[in-house]
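Summary of the model geometry
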Amino acid sequence: MSNQGSDVKTSGSVLKGIGVSPGYAIGRAHLLDRRRMKVPKYHVGPTEIANEIKRFEDALDESEAQIKEIKDKLQNAGEEHFFILDAHQLMIRDEMLVDGVRNMITEQEINAEWALKKNIKSIRQLFENIDDEYFRERRADVDFVGDRILRNLMGSAHPNLSQVHGDSIIVAHDLSPADTAFLLRTPVLGFATDVGGKTSHTAIMARSLELPAVVGTDHITEVVGDGDMLIIDGSAGRVLINPSEDELRRYQRLQMAYSARRAQLAMRKDEPACTLDGRRLRIAGNIELHEECGMVLDSGAESVGLYRTEYLYMNRETLPDEDEQYEHYRHVVELCGAEGATIRTLDLGGDKFITPLKLGRELNPVMGLRAIRFCLREPGIFKVQLRALLRASAYGNLRIMVPLISGLSEVRAVKALVAVCREELAAEGRAVAERVPLGIMVELPSAAVIADILAREVDFFAIGTNDLIQYTLAIDRANEHVTYLYRPLHPALLRMLKFIVDSARDAGIRVSMCGEMAGDAFYTAILVGLGLDELSMNAVSIPLIKHVIRSIRADDCRTLLAEVLTMGDAPEIERHVADRVKHLLQGQIPIEVFDPEHHVQT
Ligand code: PEP
Ligand code: MG
């Protein structure tokens, strides 16, 4: 699906994007526009109009004085070509500009900056439409004058995330994973962005935090101002801007129905995920921050299947030391009890960056020095984490998982480092569990193709479909323009998945899936058919996936898998799976939480 921006008016309009986290949010917009000059946009009350006009007039006076000063300097230097500055001086007092902004402030009750920005845009448009090169060139002058006034208007910096109120909806060009992690501490209702893909880490965080979110709207920051009323429909990927009373009521009803369905599913969240014919899967939770551990366990997870530890390194000026890391890992592993936790070593790079590690810019960061490649290049940093993990292993069932493995030598290098750390800790008299399983993420095509070889070298596999799909189908997971190519049921992927699971089974090791595919109910029947031992996902998906597993037969799922493995094209497979899933579930899954049709693309 590509972004399909509507012809937008600022009220009563709908923007289409990619729904990346289900549910509905209704609230006021909080605009974070970091891309260009941060222009605050908000509505003002009737009593503040005079003050806004005064601010605007002061900014005009200041701008005029500045231009005069520059002109004087040029004149004193003997420079005569300052006619362009004369033009700018005239423009500052031009009726169209001045009256236009005054009228907008008064009639639309908006702040001076917003009115100026809007007015400059329409004046620019006028020049653009004139069929004369000279006039078209004048657009740059309009921008220049507009910028100068704007800068004089804006004394204070735009509010940042730390000033966001809990009852707002964040609207931004983009949010980095670090920004989104921040939202755990400043809970908001939901968010919408201009850019982003379905499995970008920002989208994943939204699901983790159970925040309805729509990304890839293309231009929401252009049309929404602070304080606008918004409805985020994270299930359908729609944002309603200043909706009518009728729409508001309709969405309030949907919101209530959605919560009721979720509450109904949650009633059986702690029951095991066992198919009608007795095949049991372990359902685990994905977490980014140790604070989320309780949340996934409360949602029905039996363990933590993926702890993305790189978030521990974000939003700070220094790297976490061994003791700090050890405390976090120990906390998680102790909370998880008998089933334990799978903790992944540092997976930075791609769309995740860390302030204290001032890494050089790479042309293709997704294919660059990320994850295990970085850790093996910087063994000093890596060893701090390995030692912390080994120390925490004394307090529970801790599994170490290594991301982005491309081949055997990386696995062996990690094992050697783990052995060194173990020896060091023993020499220091520190306790370490006798056996700490070491597994790998299978998320590169190279690892998938040699899964049989790798399976003999490690204790478990976790399939990372987000990256496996990205690298196999050559689609940037954070790019909304290629989201339509994100197709987990592409036959190339299905064949890889089957080979990975079969290789694990042949070698007698456990295999889980912790990419976003695992938490999407549309794929559950296929995953059960494949024979995975564990599915690890965000908290929000757990009750639904357990419910789906309890409603189907593993036998039927194996038949479905065998059928699709004979098919050659993703759309054909998607249609077939949608039909079969609807039939298998016999209408048991309510449409508010799961609609198979959303997964069928043409
Ligand atoms: C994956 O790639 O599927 C995965 C689980 O890891 P991440 O999303 O953190 O890259
Ligand atoms: Mg990955």
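Residues numbered from 1 in each chain as written. Chains lettered and ligands numbered in written order. Predicted model: local features only at pLDDT ≥ 70, side-chain atom pairs only at ≥ 80, totals over all residues. Heavy atoms only, no water.

**Comments concerning the overall build of the protein chain**
Helices and strands together make up the secondary structure of the protein chain, namely 23 helices and 17 strands. Split into buried and exposed, the 602 residues of the protein chain put 55% on the buried side. Of all intrachain contacts in the protein chain linking residues separated by at least 6 positions in sequence, the fraction that spans at least 24 positions is 71%. Within the structure as shown, the protein chain displays about 25,200 Å² of accessible surface, and the carbon and sulfur contribution to it stands at 51%. (Helix = DSSP H or I, 4+ residues; strand = E, 2+ residues; numbered from the N terminus. Buried < 20%, exposed > 50% of the residue type's maximum accessible area, 1.4 Å probe, protein only. Contact = heavy atoms within 4.5 Å. Areas by Shrake-Rupley, 256 points an atom, 1.4 Å probe, with all protein chains shown as cover.)

**Let's talk about the coordination of the magnesium ion (ligand 2)**
When four donors bind a metal tetrahedrally, each ideal donor-metal-donor angle is 109.5 degrees, and when six bind octahedrally, the ideal angles are 90 or 180 degrees. Protein coordination at the magnesium ion (ligand 2) comes from Glu-443 (OE) and Asp-467 (OD), with a distance range of 2.0 to 2.1 Å. One end of the pair, Glu-443, is in the loop between strand E14 (438-442) and helix H16 (445-449); the other, Asp-467, is in helix H18 (residues 465-473), with 24 residues separating them in the sequence. Judged by relative accessible area, which is 3%, Asp-467 ranks as buried. (Donors = N, O, S within 2.8 Å, 3.2 Å for Na, K, Ca; no water.)

**A closer look at the confidence of the model for the protein chain**
Here the protein chain shows a mean pLDDT of 87. Residues at 70 or above account for 88%. Confidence drops under pLDDT 50 across residues 1-10; counting only partners more than four residues distant or on other chains, this segment forms 26 contacts. (pLDDT = per-residue confidence, 0-100.)

**Points about the packing of aromatic side chains**
Counting across every chain of the model gives five aromatic pairs. Centre to centre, the rings of Tyr-307 and Tyr-329 are 6.0 Å apart; their planes meet at 80 degrees, and the pair counts as edge-to-face. Residue Tyr-307 is found in strand E11 (residues 303-308), and its partner Tyr-329 is found in helix H12 (residues 322-336); the two are separated by 22 residues along the sequence. The exposure class of Tyr-329 is buried, given its relative accessible area of 0%. Between Phe-522 and Tyr-523, the ring centres sit 5.2 Å apart and the planes meet at 80 degrees, which makes this aromatic pair edge-to-face. You can call Tyr-523 buried: its relative accessible area is 8%. Site record: aromatic cluster; members linked through ring pairs are Tyr-24, Tyr-251 and Tyr-258. In this arrangement the basic side chain of Lys-118 is found over the ring face of Trp-114, its NZ or CZ atom lying 5.4 Å from the centre. (Phe/Tyr/Trp six-rings, centres within 6.5 Å; stacked < 30°, edge-to-face > 60°. Lys NZ or Arg CZ within 6 Å of the ring centre and 35° of its normal.)

**A closer look at the pairing of strand E8 (residues 238-241)**
Regular strands place their side chains on alternate faces of the sheet. As paired elements, strand E1 (residues 13-16) and E8 share four bridges and run antiparallel to each other. Counted as the bridge partner of Leu-15 is Val-239 from E8. Of the pairings in the sheet, the one linking strand E7 (residues 229-233) to E8 comprises four bridges and is antiparallel in character. If you follow Leu-230 over to E8, its bridge partner there is Ile-241. Linking E7 to E8, which pair antiparallel, is a turn of four residues; within it Gly-237 sits at a positive phi near 75 degrees. (Pairing = 2+ DSSP bridges.)

**Here's the deal with the packing of helix H14 (residues 379-392) against helix H15 (residues 408-427)**
One way to put it is that H14 packs onto H15 with a least axis distance of 9 Å and a crossing angle of 60 degrees. One way to sum up the angle between H14 and H15 is to call them oblique. Where H14 crosses over H15, the two elements pack in a sense that is right-handed. Between H14 and H15, the contacting residues are Pro-379, Phe-382, Lys-383, Leu-386, Arg-387, Leu-390 and Arg-391 on the first element and Val-414, Leu-417, Val-418, Val-420, Cys-421, Arg-422, Glu-424 and Leu-425 on the second. (Axes fitted to C-alpha atoms, helices over the stretch in contact; angles between N-to-C directions. Parallel < 35°, antiparallel > 145°, perpendicular 65-115°, else oblique. Left-handed = near helix turned anticlockwise from the far one by under 90°.)

**Re the sheet that holds E8**
As summarised here, the arrangement of the eight strands in space is E1-E8-E7-E3-E4-E5-E6-E2, forming an open sheet in which the pairing is mixed. Of all the strands in the sheet, just E1 and strand E2 (18-21) have a single pairing partner and so form its edges. Averaged over all adjacent pairs, the angle separating strand axes in this sheet is 30 degrees, with direction ignored. In the sheet, E2 pairs with strand E6 (residues 213-215) via three bridges, with the strands oriented antiparallel. Its bridge partner lying in E6, Gly-19 is registered against Val-214. Sheet strands touched by helix H8 (residues 201-208): E2, strand E5 (190-193) and E6. Its angle to E2, the strand with the most contacts, is close to 50 degrees. Across the sheet, helix H10 (residues 245-266) touches strand E3 (24-32), E7 and E8, and the angle it forms with E3 is around 115 degrees.

**Describing the site of ligand 1**
Contacts to ligand 1 come from 16 residues, most closely from Arg-308, Arg-344, Gly-464, Asn-466 and Arg-477. In this structure, Gly-464 approaches ligand 1 through a main-chain N or O atom, which is 3.4 Å from an oxygen atom. Within the side chain of Asp-467, an N or O atom sits 2.9 Å from an oxygen atom of ligand 1. Protein chains shield 100% of the accessible area of ligand 1, which is 290 Å² for the free molecule. Those elements that place two or more of their residues in the shell around ligand 1 are H8, E11 and H18. Here the shell around ligand 1 takes three residues from H18, the largest share from any one element. (Near = heavy atom within 4 Å. Polar contact = N/O pair within 3.5 Å; in protein donor to acceptor, adjacent residues only side chain to side chain.)

**Quick look at the pairing of E11**
The element E11 is extensively covered by neighbouring structure, given that six of its six residues are classed as buried. Relative to E11, strand E10 (residues 280-287) is paired through four bridges, and the arrangement is parallel. Bridging from a neighbouring strand, Gly-285 pairs with Val-304 of E11. One crossover worth recording links E10 to the parallel E11 by way of helix H11 (residues 293-298), and it is right-handed. (Right-handed = clockwise from strand over helix to strand, strands pointing away.)

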